[in-house]
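# Overview (structure and organization)
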Amino acid sequence: MEEITYADPAVAEGIAAIRAGSPFVYGLTNYVVANLGANVLPAVGAGPAIGAAAS
């Protein structure tokens, strides 16, 4: 897998702040993007709990 980098240092600082705090994040979403959130949140150091919004 290729590593993605961003030129703006604010992006790296933001991700570092998330990893340092290791927050618990509740993602209220639909079934289409629930998998994306469930994979991205741990990748940046957050603890996910994904719930689906009723349609």
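Everything quoted here is computed from the prediction, not taken from an experiment.

Before going further, it helps to spend a moment on the overall build of the protein chain. The number of helices and strands found in the protein chain is two helices and two strands. Ordered by position in the sequence, the α and β elements of the protein chain form the string α-β-α-β. Relative to a compact globule of 55 residues, whose C-alpha radius of gyration would be 10 Å, the protein chain shows 13 Å and is clearly more extended. Dimensions along the principal axes, computed over C-alpha positions, put the protein chain at roughly 40 × 25 × 20 Å. Per-residue burial for the protein chain yields a buried fraction of 15% across its 55 residues. A fraction of 40% describes how many contacts in the protein chain between residues 6 or more apart in sequence connect residues 24 or more apart. Accessible surface, the protein chain: about 4400 Å² in total, of which carbon and sulfur atoms supply 62%.

Nonpolar side chains collect at one region of the surface, where Val32, Val33, Leu36 and Val40 lie side by side and expose about 380 Å² of accessible area between them. When its relative accessible area of 55% is taken as the criterion, leucine 36 is described as exposed.

In this section: the confidence of the model for the protein chain. Per-residue confidence for the protein chain gives a mean pLDDT of 81; residues scoring 70 or more make up 93%. Ranking the elements of the protein chain by mean pLDDT puts strand β2 (residues 47–52) last with 76 and helix α1 (residues 9–21) first with 88.

Attention shifts here to the environment of glycine 47. By secondary structure assignment, the location of glycine 47 is in strand β2. Given the relative accessible area of 25%, glycine 47 is considered partly exposed. Between the C-alpha atom of glycine 47 and that of tyrosine 6, which follows or precedes it by 41 residues, the distance is 23 Å. Those residues in contact with glycine 47, other than ones at most four positions away along the chain, are Pro23, Phe24 and Val25.

Among the structural elements, alanine 49 can be located in strand β2. Linking alanine 49 and methionine 1, residues 48 residues apart in sequence, is a C-alpha distance of 25 Å. Once residues lying within four places of it in the same chain are set aside, the contact partners of alanine 49 are Phe24, Val25, Tyr26 and Gly27.

What counts and what doesn't
- Residues numbered from 1 in each chain as written.
- Predicted model: local features only at pLDDT ≥ 70, side-chain atom pairs only at ≥ 80, totals over all residues.
- Heavy atoms only, no water.
- Helix = DSSP H or I, 4+ residues; strand = E, 2+ residues; numbered from the N terminus.
- Rg over C-alpha atoms; globule rule 2.2 N^0.38 Å.
- Buried < 20%, exposed > 50% of the residue type's maximum accessible area, 1.4 Å probe, protein only.
- Contact = heavy atoms within 4.5 Å.
- Areas by Shrake-Rupley, 256 points an atom, 1.4 Å probe, with all protein chains shown as cover.
- Patch = residues over 30% accessible without salt bridge, like charges linked within 9 Å, V, L, I, M, F, W, Y side chains within 5 Å.
- Salt bridge = Lys/Arg side-chain N within 4 Å of Asp/Glu carboxyl O.
- pLDDT = per-residue confidence, 0-100.

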